[in-house]
Amino acid sequence: MKGPATSSCGLRRCSAPFSGPQLSRYGRLGPRVGLASAGSAGPSGGATIPDCVFSREEEDDGCYDGPEGVLQQPTPSSTSAPSATPVNPLNAAAAASAAGAGAGARAGMPRVTLVNAASVLTATAPTQSGTVPEEPTQPLEATSSGAGAERERFDWFAQWWPVAPVELMDASRPHPFTLLGQDLVLWRDGSGQWRAFRDACPHRMAPLSEGRIEKDGQLLCAYHGWRFDGKGACTEIPTARTPDQLHRATSSPRSCATAHPTLQRGGLLWVWGQGGPGAEEAAAAKQPYLPPEIQADGSGAPGVEAPGWTFRDLPYGHNYFIENVVDPAHVPVSHHKVAGNRYTDPKPFGMEFSRPLSLEGGFEFRIPDPWRADVAESFTGFQPPAHVRIQQNHTKGGSTILALFSTPTRPGWTRHIGQQLRVGGGTGIAFFAAPLPKWLFHSLGSVFLHQDMVFLHHQERIVAREAAARREEGAGAGATSPSPSSPSAPVPPPKYFMPTGVDRGVTAWRSWLSTFAGGDVQWAPGTPPLGPRETDPTVLFDTYHTHTKQCVVCSAALARMRTVRSVARAVGLLAAALAVAAVAVRAMAAVAAAAAATAAATATVPQGVLGTVVKGAAGFFATGEGVFVAMLAIVAALVVAATNKLERMMHIYEYSHRDNH
Ligand code: FES
Ligand SMILES: [Fe+2]
């Protein structure tokens, strides 16, 4: 029975069930935490961050885990440091443009300024050469011109997260997606708007992602047939006995699917991290961050080549994705033969902050002497919550920008979205600029991702195990174990040993994470923990479930490929049959001729069956028809082999550095 046409179920009305933490949990931007909670008293009245990233080894071996960190009260010199840093001209122009139009008013730009003057963590003044020395003895300093020693905390849930490129999503069916440990269903309603609901039917919590999008543009739970409109209102309960019973049931907030706010911008679907009451108002107060080179419809701004987004679910966490892409030193080594040479390209280079650390602005640093000879300078920046921008300005003019996003899905997994933008003819990484069909580009892109994945999947779990051991040791010594679920207990960063300055991006990322965001992604309550190290290559290198199946372009290409292979197999069989028939005819003719010659008592030498067949085949393949049939069979065999290989690549793409010589 269908519900009344006037029935609606806005976010405000639906109070249960409720997906994600309550908005009031931290307030809009989360609680303020005192600096004292981040560390014990340090020199100069400051507080030393108790992170191994910052502090000297207890047993000093002459090296540092990273720059020594000292949180200091504001001083005139430290608060003026940001204005002295070099700036990225492309980003600076965008920021000025946004400011002119009113911060936050322009699509794709954040409402906040890049540097939050009330809460800034910044590098000290650069050396005379303007770069960070090899031995990073310069401290990172936190300054605060705002409310004394308090700073705001990053709220993982009160954010817009990019979840997928819209053009790659199949609008005819619902899609499961996990965001910050919350299981959601993404689907497009009859009005053409993509929606995100908690993936649990209000009736008996069956996953709505197993349902169907019906012709009326509503989502049908395929278990008992309840139906929901785009706002989450239940519009049909087939087993309701009377209109009155239906009306009473659908008027209850408990009949509603829990909706998260969504929007489309820059060719991406964005989902707000919270659902339920108040989420819409909170989401409306914030805008998703898009690189200024991307327009709201997803196309490139004038003068920018934007080939389109791709995406991939990766078996390592958000923290490690960001850490990896702000680490320029790994590129020529890990991406040997794809984006550098592991033997000839690595070298020391300088790094200086072009945007100091801040809660809302993340950070950016400039490399004045990149390892690539054709790059004059480069910039790498993190923009919370999900974006990393790697910009290379080329010596011959033009720039390329790797625009990357990472959205935390569940512990040990992240959704990566990215593309390479070209401005003014920049070349960048040749592979990303190659004129390939989209499906082939998506598939071959796995090699680039897997070159890092083979490290990061395991690194994350090695670090987690080491941290667990440290916690156990601490607990044994009577210390209080940090709790990832407690917003006031920062998770300790990994105990890395980083003696050269090229790891400064890693230090900056871990600093941002520890100082503003609790040291780790915050997951929804009840999220299953990080899994063990995966050793099965069919799982680790799985490209089918992590991309192909979810990508409408690749799914269609795979279906076409299977059709082509079936045709090729049929053609090959036909060619073989033709050849056999032609050879048989010729052989039989030869046998008949031999028999006739014997009967005429001529002096012909008798030949065996094999000799007759070989002679017949040689005769056939010497003719034009024979050559044609042979070519047909060869082409068909090659097509079958190629489609087999491509299909495997779209399911599993194994990679090993040991085999990349
Ligand atoms: S669980 Fe969805 S209709 Fe019953
Ligand atoms: Fe694809």
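On a predicted model such as this, the values are computed, not experimentally measured, just so you know.

Conventions used here
- One numbering rule holds for all chains: residues counted from 1, following each sequence as written.
- Starting at A for chains and at 1 for ligands, labels are handed out in the order in which the entities are written.
- Per-residue local features of the predicted model are confined to residues with pLDDT of at least 70, and side-chain atom pairs are confined, for both listing and counting, to 80 or more; whole-chain, interface and lining totals are unaffected and use all residues.
- Hydrogens are left out, water is left out, and the side-chain values use all remaining heavy atoms of the structure.
- UniProt positions are given in the numbering used here, feature names are shortened, and annotations may be inferred rather than shown by experiment.
- Numbering of helices and strands starts at the N terminus; helices are DSSP runs of H or I of at least 4 residues and strands are runs of E of at least 2.
- Patch construction takes residues with relative accessible area above 30% that form no salt bridge. Like charges are linked within 9 Å, and nonpolar side chains (Val, Leu, Ile, Met, Phe, Trp, Tyr) are linked within 5 Å.
- Here the accessible surface of atoms and residues is derived via Shrake-Rupley with a 1.4 Å probe, and residues count as covered only by protein chains that are part of the display.
- Here a salt bridge means any side-chain nitrogen of Lys or Arg lying within 4 Å of a carboxyl oxygen belonging to Asp or Glu.
- For every residue, the accessible area (1.4 Å probe, protein chains only) is compared with the maximum for its type, and the residue is labelled buried under 20%, exposed over 50%, or partly exposed between those bounds.
- By this definition, two strands are paired if DSSP reports at least two bridges between them.
- An axis is simply a line fitted to the C-alpha atoms; with a helix, the fit covers only the stretch in contact. Between two such axes, the angle follows the N-to-C directions and lies from 0 to 180 degrees.
- For Na, K and Ca the donor cut-off is 3.2 Å; for every other metal, N, O and S atoms count as donors within 2.8 Å. Water does not enter the count, which can leave sites looking incomplete.
- In these descriptions, tetrahedral denotes four donors with every angle between 85 and 135 degrees, square planar four donors and octahedral six donors with opposite donors over 155 degrees apart and the rest between 65 and 115, and irregular any other case.
- Joining through side-chain atoms within 4.5 Å is the link that ties buried Ala, Val, Leu, Ile, Met, Phe, Trp, Tyr and Cys residues into a set, and such a set is a nonpolar core.
- In this entry, domain limits derive from an automatic or database-based domain assignment.
- Every helix has an expected span of 1.5 Å times one less than the residues it contains.
- Every residue carries a pLDDT, the predictor's confidence in it, which falls somewhere between 0 and 100.
- The contact rule is simple, with two residues in contact once any of their heavy atoms fall within 4.5 Å.

**Concerning the UniProt feature "transmembrane region" (unreviewed entry) in the protein**
Link 1 in the chain: Following the UniProt record, one finds the feature "transmembrane region" (unreviewed entry) at residues 570-597 and 617-642.
Link 2 in the chain: As annotated, residues 570-597 has a helix share of 100% and a strand share of 0%, and its two end C-alpha atoms lie 40 Å apart.
Link 3 in the chain: Measuring from the first to the last C-alpha atom of residues 617-642 gives 28 Å, for a span that is 92% helix and 0% strand.

**Description of a nonpolar patch on the surface**
Link 1 in the chain: Residues Val627, Met631, Ile634 and Leu638 make up a contiguous nonpolar surface patch of about 390 Å² in total accessible area.
Link 2 in the chain: Residue position: Val627 is located in helix H13 (residues 624-649).
Link 3 in the chain: For Val627, a relative accessible area of 43% corresponds to the partly exposed category.

**Observations regarding the sheet that holds strand S8 (residues 160-165)**
Link 1 in the chain: Overall, antiparallel pairing links the three strands, which are arranged S8-S18-S17 in an open sheet. Two strands bound the open sheet, and with one partner strand each, they are S8 and strand S17 (262-265). The sheet shows a mean angle of 30° between the axes of neighbouring strands, direction not considered.
Link 2 in the chain: Two elements, S17 and strand S18 (residues 268-272), share four bridges in a ladder whose sense is antiparallel. The residue of S18 that forms the bridge with Thr262 is Val271.

**Examining the coordination of the iron ion (ligand 2)**
The textbook angles at a metal center are 109.5 degrees for a tetrahedron of four donors and 90 or 180 degrees for an octahedron of six.
Link 1 in the chain: Around the iron ion (ligand 2), the donor atoms from the protein are His442 (ND1), His547 (NE2), Cys551 (SG) and Cys554 (SG), and they sit 2.0 to 2.3 Å away.
Link 2 in the chain: Considering all four donor atoms around the iron ion (ligand 2), the spread of angles at the metal, 103 to 115°, places the coordination shape in the tetrahedral class.
Link 3 in the chain: Between consecutive donor residues of the iron ion (ligand 2), the sequence gaps follow H-x104-H-x3-C-x2-C. Placement of the pair is His442 in helix H8 (residues 438-476) and His547 in the loop between helix H10 (537-540) and helix H11 (552-599), with a sequence separation of 105 residues. Summarising the burial analysis for this pair, His442 and His547 share the class buried.

**Side note on the nonpolar core**
Here is a general trend for soluble globular proteins: nonpolar side chains tend to be buried in one another's company.
Link 1 in the chain: Ranked by internal contacts, the top residues of the largest apolar core, which has 92 residues, are Trp156, Leu186, Leu269, Val271, Phe363, Trp509 and Trp512.
Link 2 in the chain: The biggest single contributor to this core is H8, with eight residues.
Link 3 in the chain: Each of domain 2 (160-281) and domain 3 (557-659) accounts for three or more of the residues forming this core.
Link 4 in the chain: Counting 17 residues, the second-largest nonpolar core is a separate cluster that includes Cys201, Ile213, Ala240 and Ala257.

**With respect to helix H9 (residues 504-516)**
Link 1 in the chain: Between its terminal C-alpha atoms H9 stretches 18 Å, which fits the 18 Å expected from 13 residues at 1.5 Å a residue.
Link 2 in the chain: The element H9 is extensively covered by neighbouring structure, given that 13 of its 13 residues are classed as buried.
Link 3 in the chain: After H9 finishes, the residue Gly518 shows a positive phi value of roughly 80°.

**Some details on the confidence of the model for the protein**
Atomic detail in the predicted coordinates should be set aside for any region of low pLDDT.
Link 1 in the chain: Looking at the protein, pLDDT values average 80 and 73% of them are 70 or higher.
Link 2 in the chain: Overall, residues 4-8 carries pLDDT values under 50, and its contacts beyond four positions in sequence, including any with other chains, amount to eight contacts.
Link 3 in the chain: In this model, residues 10-84 is a region of pLDDT below 50 whose contacts with residues beyond four sequence positions or in other chains number 170 contacts.

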